[in-house]
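Descriptive structure summary
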Amino acid sequence: KAVVSTQSTGDIAAIKDAYRTKYKKDLESDVAGDTSGSLKHVLVALIQGNRSENGVDHTQAISDAQELYDAGKARWGTNESAFNKILVSRSPKHLKRVFNEYRNIANGEDIETAIKSEMSGDTKDAFLALVRVIKDAELYFAEQLHKSMKGLGTNDDKLIRLLVWRCEIDLDEIKTCFKLVAKGETLEEFISGDCSGDYKRALLTLCG
């Protein structure tokens, strides 16, 4: 769920090709068969990779923001299909404007707050991941790295996946955000305190 929710359109296309090569199956069909309800609709729409690459349409942004408000806070029950249509298909630049317009319509309430109060479970988590990556991808991934090592035990799969995935994309920016999230501690310091041996050295090498 998190892997699909946070990928660009190009990354999703590459994942679909790799999945087909390795498993001789279609990723979209497998996800559709293994999930249900609103989460199924969200993940399938993301895998289809139909997100617009266009810029900001100011009039449409206001309309989208109103539609999101009407689909959630303004009604009894949530019309999740409206959230799916807008959050999955609009361009990142356009969505940032939509989120600003939503705050104006909702008397200062953020779209994340609305999702938290109107949705639950995996569907809520998928939409929140989408919104947070659109708002600030580097901060989102810094928070996820911090969560993978915070507290007792380390989520090794998540830690490795994030470092390998982002090391040649935006890890320097993520490291800057990580220091803010970890209240002054660097990513390298956190890894050194949480991991050991060859594993620690390999992770620190990925950090650069």
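Here the structure is a predicted model, which means the values were calculated and not measured. (Residues numbered from 1 in each chain as written. Predicted model: local features only at pLDDT ≥ 70, side-chain atom pairs only at ≥ 80, totals over all residues. Heavy atoms only, no water.)

Considering the arrangement of structural elements, one finds F141 in helix α9 (residues 121-149). Spatially, the C-alpha atoms of F141 and L163 are 9.5 Å apart, while their sequence positions differ by 22 residues. Residues in contact with F141, not counting those within four places in the same chain, are T6, L162, W165, R166 and I174. (Helix = DSSP H or I, 4+ residues; strand = E, 2+ residues; numbered from the N terminus. Contact = heavy atoms within 4.5 Å.)

Our next topic: the environment of L163. Within the element layout of this structure, L163 appears in helix α10 (residues 156-166). Its relative accessible area of 0% is what places L163 among the buried residues. Each C-alpha atom, one on L163 and one on L203, is 7.5 Å from the other, the two residues being 40 residues apart in sequence. With residues near it in sequence (within four places) discarded, L163 still touches L145, L171, L187, I191, L203, L206 and C207. (Buried < 20%, exposed > 50% of the residue type's maximum accessible area, 1.4 Å probe, protein only.)

Angle between the axes and distance between the axes are the two parameters that describe a pair of packed helices. Two elements in contact, helix α4 (residues 37-48) and α9, have axes whose closest approach is 8 Å; the angle formed by their N-to-C orientations is 35 degrees. The handedness of the crossing between α4 and α9 is left-handed. In this structure, α4 contributes S38, L39, V42 and L46 to the contact, and α9 contributes D122, T123, A126, F127 and L130. Its residues placed into classes, the contact of α4 with α9 shows 6 nonpolar, 2 polar and 1 charged. (Axes fitted to C-alpha atoms, helices over the stretch in contact; angles between N-to-C directions. Left-handed = near helix turned anticlockwise from the far one by under 90°. Nonpolar A, V, L, I, M, F, W, Y, C, P; charged D, E, K, R; others polar.)

Right, let's get into unusual backbone geometry. If you check the backbone angles, K24 has positive phi at about 60 degrees while not being a glycine. By secondary structure assignment, the location of K24 is in the loop between α2 (9-23) and α3 (27-34). Classification of K24 by relative accessible area gives exposed; the value is 69%. The backbone of N107 shows a phi angle near 55 degrees, a positive value even though the residue is not glycine. The residue N107 is located in the loop between α7 (92-105) and α8 (111-118) in this model. Classification of N107 by relative accessible area gives exposed; the value is 74%.

Purely spatial values, then, with no claim about function.
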